[in-house]
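# Structural overview for review
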Amino acid sequence: MATEPPRPAPPAAGHPEGGCGRCAGGGRGEAEEAAAQQAGGAAPGPAVAVLPAAAGGRRRGLNGCVPLSHQVAGHMYGKDKGGILQHPDGTVLKQLQPPPRGPREQEFYNKVYDSDCCDSVLLELREYLPKYFGVWSPPTAPNDTYLKLEDVTRKFNKPCIMDVKIGQKSYDPYASAEKIQQQVSKYPLMEEIGFLVLGMRVYHVSSDSYEMQNQHYGRSLTKETVKDGISKFFHNGYCLRKDAIAASIQKVEKILKWFEGQKQLNFYASSLLFVYEGSSQGPTVRLSDVTLAEKRGVPKGLLSGGDILEYNNNIHVISSTENGKIEASVSKGLSKFYALHKKAYSKRHHSQLSLKVGSLEQDNMWKSSTCITQEHLNGNVIPQLEKVFCHMPAEIKESANVEVRMIDFAHVFPSNTKDEGYVYGLKNLITVLKNILDN
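Residues numbered from 1 in each chain as written. Predicted model: local features only at pLDDT ≥ 70, side-chain atom pairs only at ≥ 80, totals over all residues. Heavy atoms only, no water.

## Looking at the pairing of strand S15 (residues 402-407)
Taking burial as the measure, the six residues of S15 include six buried ones, the bulk of the element. Where burial is concerned, the two faces of S15 agree: the one with Val402, Val404 and Met406 and the one with Glu403, Arg405 and Ile407 are both buried. The pairing of strand S11 (residues 270-277) with S15 spans six bridges and is classified as antiparallel. When the sheet's bridge partners are listed, Leu272 is paired in S15 with Met406. (Buried < 20%, exposed > 50% of the residue type's maximum accessible area, 1.4 Å probe, protein only. Helix = DSSP H or I, 4+ residues; strand = E, 2+ residues; numbered from the N terminus. Pairing = 2+ DSSP bridges.)

## A few points about the sheet that holds strand S3 (residues 84-86)
Here we have five strands laid out as an open sheet, ordered S2-S3-S4-S6-S5, and antiparallel in their pairing. Each having just a single partner strand, strand S2 (66-67) and strand S5 (132-136) make up the two edges of the open sheet. Taken together, the four bridges between strand S4 (residues 92-95) and strand S6 (residues 146-149) define a ladder with antiparallel strand orientation. Bridged to Val92 within S6 is Leu149.

## As for the environment of Phe267
Considering the arrangement of structural elements, one finds Phe267 in strand S10 (residues 265-267). Residues Phe267 and Ile166, 101 residues apart in the sequence, show an inter-C-alpha distance of 8.7 Å. Each residue touching Phe267, except ones within four places of it in the same chain, is listed here: Phe108, Trp258, Phe259, Met406, Phe409, His411, Val412, Asp419 and Tyr422. (Contact = heavy atoms within 4.5 Å.)

## Overview of the sheet that holds strand S7 (residues 159-166)
Reading across from one edge, S9-S8-S7-S11-S15 is the order of the five strands in this open sheet, with antiparallel pairing throughout. Where the open sheet ends on each side, the last strands, each with one partner, are strand S9 (209-213) and S15. Each strand of the sheet is rotated relative to its neighbour by a mean of 15°, with strand direction disregarded. Sheet strands touched by helix H15 (residues 420-438): S7, strand S8 (195-204), S11 and S15. Its angle to S11, the strand with the most contacts, is close to 30°. (Axes fitted to C-alpha atoms, helices over the stretch in contact; angles between N-to-C directions.)

Geometric descriptors of this kind do not, in isolation, establish any biological role.
In structure tokens, the structure reads:
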């Protein structure tokens, strides 16, 4: 049946463990989400977040598991009945929904990842899903069941994440008339457009912060604005990440090919999770307590005073179980980010841009004396940096670090016909992505 996930090595400085959102993607912690909603959806910088005091107690009772630090859509732990957790081994825990949805999703994963499976259609499908490691229940609450899944964002340092629901219908064939009306009213254009953006977060290198958009943003998009709405996900604050768009198109086309060749399953209210690397530099640990803990030989994950050290792939976090406060610091990775792309770019365009890069401190921060200066850029910094990103050669686009995975399978049903609704949505989404890339 399910296999055990590999035990992760302790994350090194600048390369911490990650979390993921929905069932295997990403977003924010609870406090950041609440703060963003109060501010009208604007994303606060990854500096300081505060959890309610009750959160500290909840963390102690979850056997080392913590609420997912970045989640763009779906049930939020502590706010909804279900939610997403991160296990100490780096996997993601998705709480099983009430029957029949939860058991149906579990049955789907069990069928696809059955060790005796010899169905070529299902074997290929594994390539497009997060890996499945069976179910998990906390010893203190054995009746609570969680799906144990791969953290798709784990390898990313600054993950940019988007959750897109695919298909012309977000309700299954057995939905009641009331349920159908409810779902249609949420986004009447679903049948025509074929997909709906449920949420996104984008890393902006210029401000070293994330911009967040929730489901209300996606529902506000029309046929005329959906292209610009999705292009927002691929804009890093300076220019459009065409490399990530091109790589995303290739991956979605593979999923489309699978759907066009299978007549076993129909998917409703299922999503695609897009993840791409927003930066080429991992976050730097800038918390003195972490250094002190390492020097004193404190066991990994524990600090004095009952504090717990969490590893997340967008921030290094120290959370206090005494007062529920979380403090986070993210290093500025902008300079190295552009320097890396410049290196590849300058192989062909050496005469267009010359950057003088100084040596790095041990903590990966730029020395103040080696910042990029006006004379070395031969002009304004922003236009020069735009040249690097907006005109990247083909070899960079092809090697872009991008993941596109299918998630959310509470409404998957056996079938003997092609899933026309999902195919329609994939084709429309590919068309939109290509239009963004071409224009």
